[in-house]
Amino acid sequence: MDGIVTEVAVGVKRGSDELLSGSVLSSPNSNMSSMVVTANGNDSKKFKGEDKMDGAPSRVLHIRKLPGEVTETEVIALGLPFGKVTNILMLKGKNQAFLELATEEAAITMVNYYSAVTPHLRNQPIYIQYSNHKELKTDNTLNQRAQAVLQAVTAVQTANTPLSGTTVSESAVTPAQSPVLRIIIDNMYYPVTLDVLHQFGAVLKIITFTKNNQFQALLQYGDPVNAQQAKLALDGQNIYNACCTLRIDFSKLVNLNVKYNNDKSRDYTRPDLPSGDGQPALDPAIAAAFAKETSLLAVPGALSPLAIPNAAAAAAAAAAGRVGMPGVSAGGNTVLLVSNLNEEMVTPQSLFTLFGVYGDVQRVKILYNKKDSALIQMADGNQSQLAMNHLNGQKMYGKIIRVTLSKHQTVQLPREGLDDQGLTKDFGNSPLHRFKKPGSKNFQNIFPPSATLHLSNIPPSVAEEDLRTLFANTGGTVKAFKFFQRDHKMALLQMATVEEAIQALIDLHNYNLGENHHLRVSFSKSTI
């Protein structure tokens with residue numbers, strides 16, 4: 001190195017061309033040729049590689065196009081709803097930063113979320129992608145202030161009090177008064193379910209309520225910082241194109257008393273709660289406070305789900321695990337490009353089964369000259385967005401698949417008489433579509449891939465041991481099993497890993513158990 005970086009603050013190296021050779025990255029696929037983290041004039045560490053959105057997942061994320069005046073606290077806050085932030089390196093001269101999360105799973109969730117909802121800092125869009133680096137190593141002696149910021153944020157996040165003895169200049173580390181958000185949805189032309197609301201960060205409890213024909217919700221987070229970050233990220237956003245606008249404020253409540261787990265309320269820390277009958281009764285104190293708070297914010301003309309007959313079919317993403325991408329509506333791109341497939345194992349049928357968890361697959365084409373890639377056409381744009389959000393980065397047949405929106409508007413069938421070796425299949429009239437029936441409860445039971453599977457349509461003659469053996473034969477390990485107490489037609493079965501559960505679902509959904517019973521398999525949010 002020809003020079004020494006002399007100006008360092010909060011893990012930031014300012015204005016040195018040694019830090020990042022070449023121009024500022026301009027797209028998710030730009031090459032990052034060299035980044036140098038300098039400990040002193042004689043010691044430096046170089047990271048080389050290519051940071052890009054479709055690279056291998058990493059718990060280190062590369063953030064670009066940052067406003068020049070942005071603080072470390074604001075960047076750290078981007079990651080807080082998804083898990084613990086363990087390190088940060090800011091390159092203010094390049095308007096970039098590297099953020100390290102505690103786990104790769106948290107980083108995957110963060111990237112998937114922000115691929116659907118463009119993050120903004122100081123009213124400026126920024127871009128987040130995986131880094132090629134698996135760990136962010138910085139010199140602690142030069143990164144003391146950055147560590148102080150992290151410690152302060154962690155202290156606020158876990159105890160709602162500043163860390164004793166820590167002085168941090170960034171005033172943004174100011175906790176909100178309550179961990180509970182009140183949400184009103186304007187222009188609600190599509191239903192919004194608990195599963196949509198649950199993805200607004202690390203939500204612990206939800207109560208939904210309709211007052212004056214307007215849908216409203218209370219969301220409780222683990223701490224005020226997570227609630228504050230969710231409000232900053234989501235307030236004023238549209239869930240769908242030009243409708244379902246979120247109006248968010250802090251509630252005066254500090255805790256929600258959820259009595260039932262059903263389609264109106266949910267306590268994600270208490271899966272054992274009963275479902276109740278109809279709309280759950282609210283705690284009187286909550287109901288009174290809720291009515292008082294929302295009466296000031298009622299906006300006439302907003303539609304509740306009950307005012308939209310047969311609207312469920314138009315809103316598959318209302319059961320989504322993510323907020324819809326701005327500008328993408330039910331009429332958006334329906335075709336997905338899936339890459340990095342295991343070409344020795346994948347078939348149109350296996351892709352139909354897996355992607356069919358998140359929408360009605362119409363056609364599948366494995367590319368003839370690139371058999372590790374496929375085009376999948378869903379029934380509408382919301383379903384394609386939903387499938388992409390949940391399945392991008394998951395493992396299928398031992399390989400991490402990549403799912404993106406395709407430039408194609410439809411999947412073409414082969415010309416009549418042309419043999420394409422079975423690589424293209426039309427599923428338009430399949431009886432196995434989960435969402436073809438308007439108002440189906442399947443819309444309310446869409447969850448991310450998980451190790452726990454929900455089984456249904458089990459005949460009386462099939463015992464627990466039969467099902468354990470059946471699922472073990474898919475090549476995985478069955479860790480736990482439980483029949484539903486009141487109805488042995490349904491059960492929960494837990495595999496050792498999410499990948500094993502995905503494999504079992506592909507192999508055994510619609511499996512014939514005899515007595516005219518075909519097994520139904522889906523991912524569950526529960527654990528055993």
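Predicted model only: the values in this text are computed from it and were never measured. (Residues numbered from 1 in each chain as written. Predicted model: local features only at pLDDT ≥ 70, side-chain atom pairs only at ≥ 80, totals over all residues. Heavy atoms only, no water.)

1. Some words on the overall build of the protein
Working step 1: Counting its secondary structure elements, the protein contains 10 helices and 27 strands.
Working step 2: A total of 528 residues make up the protein; the buried ones form 51% of that total.
Working step 3: Taking the contacts inside the protein whose residues are at least 6 apart along the sequence as the reference set, 70% of them involve residues at least 24 apart.
Working step 4: When the accessible area of the protein is evaluated, it comes to approximately 23,500 Å², of which 48% is carbon and sulfur surface. (Helix = DSSP H or I, 4+ residues; strand = E, 2+ residues; numbered from the N terminus. Buried < 20%, exposed > 50% of the residue type's maximum accessible area, 1.4 Å probe, protein only. Contact = heavy atoms within 4.5 Å. Areas by Shrake-Rupley, 256 points an atom, 1.4 Å probe, with all protein chains shown as cover.)

2. Comments concerning the packing of helix H7 (residues 348-355) against helix H10 (residues 498-508)
Working step 1: In contact at an axis separation of 9 Å, H7 and H10 are set at 110° when each is read in the N-to-C sense. As far as their axial angle goes, H10 and H7 are roughly perpendicular. Handedness of the H7/H10 crossing: right-handed. Note on element contacts: H10 touches H7 through Ile502, Leu505 and Ile506, opposite Ser350, Thr353 and Leu354.
Working step 2: Broken down by class, the residue content of the contact of H7 with H10 amounts to 4 nonpolar, 2 polar and no charged. (Axes fitted to C-alpha atoms, helices over the stretch in contact; angles between N-to-C directions. Parallel < 35°, antiparallel > 145°, perpendicular 65-115°, else oblique. Left-handed = near helix turned anticlockwise from the far one by under 90°. Nonpolar A, V, L, I, M, F, W, Y, C, P; charged D, E, K, R; others polar.)

3. Details of the packing of aromatic side chains
Working step 1: Within the structure shown, the criterion is met by 3 aromatic pairs.
Working step 2: Between the aromatic rings of Tyr113 and Tyr114, the centroid separation amounts to 5.2 Å while the plane-to-plane angle is 70°, which identifies the pairing as edge-to-face. Grouping residues by exposure puts Tyr113 and Tyr114 together as buried.
Working step 3: Taking the ring centre of Tyr368 as reference, the NZ or CZ of Lys371 above it sits at 4.5 Å. (Phe/Tyr/Trp six-rings, centres within 6.5 Å; stacked < 30°, edge-to-face > 60°. Lys NZ or Arg CZ within 6 Å of the ring centre and 35° of its normal.)

4. What to know about the confidence of the model for the protein
Working step 1: Here the protein averages 74 in pLDDT, and 71% of its residues register 70 or above.
Working step 2: Below pLDDT 50 for its whole length, residues 1-53 participates in 133 contacts with residues either more than four positions away or in separate chains.
Working step 3: Segment residues 278-331 is flagged for pLDDT under 50; beyond a separation of four residues in sequence, or across chains, it makes 133 contacts in the model. (pLDDT = per-residue confidence, 0-100.)

5. Some details on H10
Working step 1: Across the 11 residues that make up H10, a large majority, 8, are buried.
Working step 2: Along H10, the positions that sit buried rather than exposed are Glu500, Ala501, Ile502, Gln503, Ala504, Leu505, Ile506 and Leu508.
Working step 3: Buried residues along H10 sit in contact with H7, strand E20 (395-396), strand E24 (452-456), helix H9 (464-472), strand E26 (491-495) and strand E27 (520-523).

6. Some points on empty space enclosed by the protein
Working step 1: Tallied over the full model, the rule gives 3 cavities of 30 Å³ or more.
Working step 2: Space inside the largest cavity adds up to approximately 70 Å³.
Working step 3: If you go around the largest cavity, the residues you meet are Pro81, Phe82, Tyr113, Tyr114, Gln199, Phe200, Gly201, Gln229, Ala230, Ala233 and Leu234.
Working step 4: Counting residues per element, the ones that place at least two in the lining of the largest cavity are helix H2 (104-116) and helix H5 (224-234).
Working step 5: If one sorts the elements of the lining of the largest cavity by residue count, H5 sits on top with 4 residues.
Working step 6: Among the residues forming the lining of the largest cavity, the class breakdown is 8 nonpolar, 3 polar and no charged.
Working step 7: Its volume calculated, the second largest cavity comes out at about 40 Å³.
Working step 8: Considering the residues around the second largest cavity, the lining is formed by Phe352, Thr353, Gly356, Val357, Leu432, Arg434 and His509.
Working step 9: Its residues assigned to classes, the lining of the second largest cavity comprises 3 nonpolar, 3 polar and 1 charged. (1 Å grid on protein atoms, 1.4 Å probe; cavity = no way out; pocket = protein on both sides within 12 Å on 5 of 7 lines; lining within 4 Å. Points joined across faces, edges and corners; volume = space filled by probe spheres on them.)

7. Regarding the sheet that holds strand E23 (residues 424-426)
Within a beta sheet, neighbouring strands are joined by backbone hydrogen bonds and run either parallel or antiparallel to one another.
Working step 1: Spatially, the 5 strands line up as an open sheet ordered E22-E17-E19-E18-E23, and their pairing is antiparallel. Here the strands that pair on one side only, and so sit at the sheet edges, are strand E22 (402-405) and E23. Between one strand and the next, the sheet's axes are offset by a mean angle of 20°, whatever the strand orientation.
Working step 2: With 4 bridges joining them, strand E17 (residues 335-339) and E22 adopt antiparallel strand pairing. Bridging from a neighbouring strand, Ser339 pairs with Arg402 of E22.
Working step 3: Docked against the sheet, H7 engages E17, strand E18 (361-366), strand E19 (374-378), E22 and E23, running at close to 140° with respect to E18.
Working step 4: Docked against the sheet, helix H8 (residues 381-391) engages E17, E19 and E22, running at close to 155° with respect to E22. (Pairing = 2+ DSSP bridges.)

8. Here's the deal with the sheet that holds strand E16 (residues 265-267)
Working step 1: An order of E14-E15-E11-E13-E12-E16 is seen for the 6 strands of this open sheet, with the pairing classed as antiparallel. If you trace the sheet from one side to the other, it starts and ends with strand E14 (238-240) and E16, each paired once. Sheet twist, expressed as the average angle between the axes of neighbouring strands with direction ignored, equals 25°.
Working step 2: Inspection of the sheet shows strand E11 (residues 180-186) paired to strand E15 (residues 243-250) by 6 bridges, in the antiparallel sense. Along E15, the bridge assignment pairs Ile185 with Leu246.
Working step 3: Its contacts with the sheet place H5 against E11, strand E13 (214-221) and E15, and it is angled at close to 145° to E15.

9. Focus: H7
Structurally, the α-helix is built with 3.6 residues per turn, so residues lying three or four positions apart point the same way.
Working step 1: Within H7, 7 of the 8 residues are buried, leaving the element largely enclosed by the surrounding structure.
Working step 2: Within H7 the residues assigned to the buried category are Pro348, Ser350, Leu351, Phe352, Thr353, Leu354 and Phe355.

10. Overview of the nonpolar core
Proteins that are soluble and globular tend to have nonpolar side chains buried together.
Working step 1: One finds Val75 and Phe200 to be the most contacted residues of the largest nonpolar core, which totals 56 residues.
Working step 2: With 8 residues, H2 is the largest single contributor of residues to this core.
Working step 3: What Val75 contacts, discounting residues up to four positions off in sequence, is Ile63, Leu66, Val70, Ile88, Met90, Ala97, Leu99 and Leu121.
Working step 4: Membership of the second largest hydrophobic core comes to 52 residues, among which are Val357, Val462, Leu467 and Leu505. (Core = buried A, V, L, I, M, F, W, Y, C linked by side-chain atoms within 4.5 Å.)

11. Focus: the environment of Phe250
Working step 1: If you trace the backbone, Phe250 turns up in strand E15.
Working step 2: Counting along the chain gives 26 residues from Phe250 to Pro224, while the straight-line C-alpha distance between them is 9.4 Å.

12. A closer look at the pattern of salt bridges
Working step 1: With the rule as written, the count across this model stands at 8 salt bridges.
Working step 2: A salt bridge links Asp372 to Lys370; the nearest nitrogen and oxygen atoms lie 3.4 Å apart.
Working step 3: With relative accessibility at 17%, the residue Asp372 sits in the buried group.
Working step 4: With a closest N to O distance of 2.9 Å, Arg468 and Glu464 form a salt bridge. With a gap of 4 residues between them, Arg468 and Glu464 both fall in helix H9, about one helical turn apart. (Salt bridge = Lys/Arg side-chain N within 4 Å of Asp/Glu carboxyl O.)

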